[in-house]
Amino acid sequence: MAAPSTGALDAPHAIPLEVLVEKLRTDPAAGLDAGEAAARLVSHGPNQLETAQGPGLLRRVLAQLRDPLIYVLLAAGLVTLAFGGYVDAAVIGGVVLLNALIGYVQESRAVHALDALARLVPVEATVVRGGRGQRVPAEELVPGDIVELAGGDRVPADVRFAELHALEVDESALTGESVPVSKTVAVLPDDTIVADRTNTAYSGTVVTRGSARALVVATGAATQLGGIQRMVSGAGTVVTPLTRKLTGFSRQLTIGIVAVTVAAFTVGLVRGMSVAEIFTAAVALAVGAIPEGLPAAVTIVLAIGVVRMSRRGAIVRHLPAVETLGSTTVICTDKTGTLTRNRMTVVAIAAGGRVAPPQDAGLDPALRECLIAGVLCNDAEPEEGDPTERALLAAAAAAGLDVSALRATAPRTDVVPFEPERRLMTTVHGDRGYVKGAVEEVLALCREGLDTDGADRVVRTHHELAARGLRVLAFAWFSSAASPRPAFLGLQAMQDPPRPEAGEAVAACHEAGIDVKMITGDHPGTARAIASSVGLGAEPVVMTGAELDRVAGDRFDSEVARTQVFARVSPGQKLRLVQALQRRGEIVAMTGDGVNDAPALRRADIGVAMGRTGTDAARQAADMVLTDDDFASIAAAVREGRGVFDNLRKFIAWTLPANIGEGVVVLTAVLLGVALPIVPVQILWINMTTAVFLGLTLAFEPQEPNLMRRPPLSPRQPLFTAALLRRVVLLSILLVAAAFWAYRGELAAGAAIAEARTSAMNVFVGVQIAYLISCRSLNRLVVLAWPRHSGILALGIGATAALQLVLTYVPVMNTLFHTAPVGAGTWFRVLVAGAVTFVAVEADKVVWRG
Ligand code: ATP
């Protein structure tokens with residue numbers, strides 16, 4: 001790891017710019033040259049934060065022990081030790097440690113997986129090197145680099161401004177203050193606090209508007225963000241709604257176990273059992289009922305889900321999002337690029353009463369003027385830039401115009417860039433100027449130049465074109481010398497075909513009980529046509545932003561709920577839409593790509609940003625980033641989310657009955673006043689091996705075919721439904737019966753007690769294996785459901801069987817776990833108990849609800 005060398009630059013905000021330039025040995029106009037930049041990269045190290053190491057290994061392993069259930073286990077170990085059960089106490093201690101280690105490894109793996117995913121969303125920066133602007137990965141920046149920043153960019157390093165234009169920066173990532181701060185270039189006093197250093201911007205903050213040229217003063221760990229990270233590192237345990245529910249549950253379970261243990265203790269005393277015997281029973285009870293594998297399993301299942309989603313083009317930035325995705329009830333999606341392909345082609349030009357395709361437009365003077373306006377009032381190059389603007393260039397070329405010659409003869413002298421709120425762009429070229437934008441906006445500017453007839457005709461043509469799903473832009477020109485009032489030129493209409501997979505994905509969402517709404521800046525006519533072509537409804541309900549603003553407060557939420565298409569919506573209104581839907585209890589996923597979308601993305605339950613076209617600002621605010629900007633990826637992610645949640649429920653449904661069943665076995669023995677059929681270390685062995693080799697196979701279960709044919713699961717639904725409780729009871733009965741059947745049966749047949757216990761253990765595991773196979777589906781008959789994808793399951797069962805054989809027949813294991821080799825009778829009992837369990841649980845599925 002390269003040493004962060006800040007040394008010379010203690011307070012860059014207080015150093016005059018020229019001095020700073022000198023200190024950093026750079027050139028404000030040309031930047032560093034490539035060789036120097038490469039050399040500095042070697043000496044300063046890459047511009048990235050160290051991945052959190054956090055506290056040392058020992059402390060993190062020990063942190064895993066901070067769990068009430070583990071306390072009970074440790075107490076059990078101590079009690080055993082006090083009664084001279086040294087081997088048992090050592091085994092319990094070993095298991096606790098092993099458990100902590102497994103938890104630690106799993107958690108770090110999950111955290112690493114997430115880190116790796118975060119890196120899949122690269123941050124780039126525009127840097128000037130050797131006199132040329134170029135895009136480089138932000139990791140390659142070095143102190144002394146000159147970077148250019150614009151609205152929507154993430155500030156890639158700590159920088160000092162050299163020049164700026166109306167620059168505002170959102171520093172909430174650093175200061176918590178959400179109002180953007182205006183920046184300046186003035187030198188500041190040495191003691192200015194971080195939040196007031198207006199001539200500086202810090203890595204990780206986001207430019208909300210304006211533009212700037214700035215000097216990189218610190219990179220990587222030397223940045224403010226790096227400093228903060230060092231202070232808080234290691235704080236990152238993963239908390240999700242589900243883990244929170246589980247933590248609460250684990251607390252209740254502990255209380256329950258302690259209460260039952262005390263009760264068993266009393267009963268034992270009354271029945272005249274020896275104190276040592278009673279303690280052993282109490283320990284067995286506590287140890288058995290604790291689901292040791294649960295917390296680790298949850299993290300693993302979620303992490304597997306995250307990896308699966310990333311393969312489908314959806315990168316989850318926060319683990320809880322995996323769960324939330326599965327409960328999504330409404331998806332609000334952009335149109336352009338998400339439902340459509342964002343491949344624009346001009347198909348019609350309308351001007352001077354004529355409508356023609358581009359290739360026929362070159363000779364008509366009115367159409368030609370309209371095309372010229374499209375070339376000049378345009379920021380794109382033929383191969384680069386906004387697809388809408390590139391389409392205008394392509395249209396002009398198709399009409400036979402020479403784009404670069406036109407631009408060379410009328411160089412641009414001023415510009416007001418396009419903003420989604422105003423929906424207009426203006427350029428000035430000497431004494432002429434051009435405006436392009438949404439038809440309504442351009443018409444409003446030109447009202448004086450057009451008679452009513454003319455305006456009506458434009459509106460009519462516009463509606464006809466929009467109804468075909470075309471995106472229509474209007475053009476006007478003005479003479480900056482004579483009158484700045486523009487005169488109307490004409491329209492250009494472009495096609496942006498829906499993505500082929502969008503219709504299917506929308507249909508899948510509908511079938512899954514998820515409402516899909518389109519939110520677009522485009523015209524309602526265009527939006528309606530695209531909406532019906534992707535299946536948002538044959539006659540979708542359309543509302544514009546302006547109409548939305550006029551809806552009375554008390555009707556607002558219900559109007560929003562019944563509307564499928566929101567057109568001419570500004571980013572600010574997106575936030576109101578999310579809030580309205582959430583007030584109605586919906587779980588909202590919302591897409592966005594611009595800087596102004598960030599508040600809505602943050603507010604939505606699942607903010608979805610575009611990986612290709614989106615700004616850094618949107619990506620930073622989002623819970624999930626789409627690598628391909630495709631609506632179908634959202635639907636796929638929802639599907640994965642549901643799958644993950646399903647597997648979690650299966651794991652819980654499997655693990656709880658097993659644990660509680662073990663507790664009940666012990667309790668029954670105490671109540672009957674007989675010796676324990678399974679002793680504490682044996683119970684621990686069962687718990688540990690089966691949680692890992694049986695339970696975890698459920699994390700890899702394929703999705704059930706009806707996954708997207710059922711309504712979303714409410715996040716308020718309790719984890720433990722009546723059906724699950726019933727299954728816990730059923731399994732407890734089965735486990736108790738099987739264990740005693742084997743234990744008593746073997747004893748009656750003349751076996752020694754160690755042999756009888758080994759038999760009981762094996763039968764117990766047999767029941768768990770049979771139940772596991774049933775748990776592959778909670779409510780559908782397994783025989784019908786899963787012909788394939790059983791590899792991992794088979795592997796897990798094989799491993800468990802092998803471990804049981806080792807436990808039963810290897811002498812060391814016999815000593816450690818008080819087991820003894822058993823005969824064929826035991827294995828016959830295993831098969832019978834397994835078969836009975838399987839049939840009983842499958843029968844229970846017929847009445848399973850929830
Ligand atoms: P979404 O991506 O949310 O579905 P959109 O991309 O269609 O919506 P915007 O890009 O905000 O929405 O565009 C809104 C309107 O602004 C367009 O319908 C068009 O009339 C106009 N417009 C779009 N791009 C430009 C541009 N480069 N110059 C001038 N006007 C534009």
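Quick caveat, the model's predicted, so the values are computed rather than measured.

Helix and strand counts for the chain stand at 31 helices and 22 strands. By principal-axis analysis of the C-alpha atoms, the chain measures approximately 115 × 65 × 45 Å. Across the 850 residues in the chain, those meeting the buried criterion constitute 53%. About 35,600 Å² of surface is accessible on the chain, with carbon and sulfur atoms providing 60% of the total. Here the chain holds 76 positive side-chain charges and 81 negative ones, and the gap between their average locations is 7 Å.

Another point: the site of the ligand. The local shell around the ligand holds 20 residues, among which Lys-335, Thr-336, Lys-436, Arg-471 and Asp-522 are the closest. The contact in question runs from an oxygen atom of the ligand to an N or O atom on the side chain of Asp-334, over 3.5 Å. Here Asp-386 contributes a side-chain N or O atom positioned 3.4 Å from a nitrogen atom of the ligand. When isolated, the ligand has an accessible area of 620 Å², and the protein chains bury 90% of it. The set of elements that each furnish at least two residues to the shell around the ligand consists of β14 (432-437) and β15 (471-479). It is β15 that contributes the most residues to the shell around the ligand, three residues altogether. When the residues that make up the shell around the ligand are grouped by side-chain class, the tally is seven nonpolar, four polar and nine charged.

Turning next to the nonpolar core. In this structure, Val-322, Ile-331, Met-518, Met-624 and Phe-631 are the most contacted members of the largest nonpolar core, which totals 126 residues. In terms of residue count, the dominant contributor to this core is helix α24 (residues 631-672) (17 residues). Filtering out sequence-adjacent residues up to four positions away, Phe-631 remains in contact with Ile-331, Thr-333, Thr-338, Leu-339, Ala-502, Ala-505, Val-506, Cys-509 and Val-516. In terms of nonpolar packing, the next biggest core, distinct from the first, is built from 30 residues, Ala-373, Leu-393, Ala-396 and Leu-401 among them.

What follows concerns the packing of aromatic side chains. Aromatic ring pairs: the centre-centre distance and the angle between the two ring planes describe each pair. Applying the stated rule across the entire model yields two aromatic pairs. Both rings, one in Phe-651 and one in Trp-654, keep their centres 6.3 Å apart while their planes meet at 45°; by these two values the pair is tilted. Residue Phe-651 and its partner Trp-654 are both found in helix α24; the two are separated by three residues, about one turn of the helix. Trp-654 matches Phe-651 in its accessibility class, with the two residues each being buried. Positioned above the aromatic ring of Trp-477, the side-chain terminus of Arg-432 is 4.3 Å from the ring centre. Between Arg-829 and the ring centre of Trp-741, over which it is positioned, the NZ or CZ distance is 4.9 Å.

Looking now at the pairing of strand β9 (residues 330-333). The two faces of β9 match: Val-330 and Cys-332 on one face and Ile-331 and Thr-333 on the other face are all buried. Bridge count between β9 and strand β17 (residues 515-519): four bridges; the pairing is parallel. Bridged to Cys-332 within β17 is Lys-517. Alignment of β9 against strand β20 (residues 588-592), held across three bridges, turns out to be parallel. Opposite Ile-331, over in β20, you have Ala-589 as the bridge partner.

Turning our attention to a nonpolar patch on the surface. On the surface, Val-87, Val-806, Val-810, Val-812 and Leu-816 cluster together into a nonpolar patch covering about 350 Å² of accessible area. Tracing the backbone through its elements, the reader meets Val-87 in helix α5 (residues 86-119). Exposure remark for Val-87: the relative accessible area of 41% places this residue in the partly exposed category.

Along the polypeptide, Asp-196 turns up in the loop between β5 (181-182) and β6 (200-201). Relative accessible area serves as the criterion here: at 44%, Asp-196 is assigned to the partly exposed category.

Turning our eyes to something else, we now look at the pattern of salt bridges. In the structure shown here, the tally under the stated rule is 36 salt bridges. Here Glu-746 makes a salt bridge to Arg-829, at a shortest N to O gap of 3.0 Å. One end of the pair, Glu-746, is in helix α26 (residues 722-748); the other, Arg-829, is in helix α31 (residues 824-845), and 83 residues separate them in sequence. When salt bridges that share partners are traced, they join Arg-25, Glu-36 and Arg-40 into one network.

Moving on, we get to the sheet that holds β15. Adjacent strands of a sheet form backbone hydrogen bonds with each other and so pair up, either parallel or antiparallel. The seven strands lie next to each other as β11-β10-β16-β15-β14-β13-β12, forming an open sheet whose pairing is antiparallel. What marks the edges here is a single partner per strand, and that holds for β11 (354-356) and β12 (414-416). For this sheet, the mean angle separating the axes of adjacent strands, direction not counted, is 20°. Across the face of the sheet, helix α13 (residues 387-398) comes into contact with β10 (345-351), β13 (424-429), β14, β15 and β16 (483-495) while running at roughly 90° to β16. Helix-sheet contacts for helix α15 (residues 439-446) involve β13, β14, β15 and β16, and the interaxial angle to β16 is about 155°.

Cut-off values and rules
Residues numbered from 1 in each chain as written. Predicted model: local features only at pLDDT ≥ 70, side-chain atom pairs only at ≥ 80, totals over all residues. Heavy atoms only, no water. Helix = DSSP H or I, 4+ residues; strand = E, 2+ residues; numbered from the N terminus. Buried < 20%, exposed > 50% of the residue type's maximum accessible area, 1.4 Å probe, protein only. Areas by Shrake-Rupley, 256 points an atom, 1.4 Å probe, with all protein chains shown as cover. Lys, Arg positive; Asp, Glu negative; His and termini not counted. Charge placed at Lys NZ, Arg CZ, Asp CG, Glu CD. Near = heavy atom within 4 Å. Polar contact = N/O pair within 3.5 Å; in protein donor to acceptor, adjacent residues only side chain to side chain. Nonpolar A, V, L, I, M, F, W, Y, C, P; charged D, E, K, R; others polar. Core = buried A, V, L, I, M, F, W, Y, C linked by side-chain atoms within 4.5 Å. Contact = heavy atoms within 4.5 Å. Phe/Tyr/Trp six-rings, centres within 6.5 Å; stacked < 30°, edge-to-face > 60°. Lys NZ or Arg CZ within 6 Å of the ring centre and 35° of its normal. Pairing = 2+ DSSP bridges. Patch = residues over 30% accessible without salt bridge, like charges linked within 9 Å, V, L, I, M, F, W, Y side chains within 5 Å. Salt bridge = Lys/Arg side-chain N within 4 Å of Asp/Glu carboxyl O. Axes fitted to C-alpha atoms, helices over the stretch in contact; angles between N-to-C directions.

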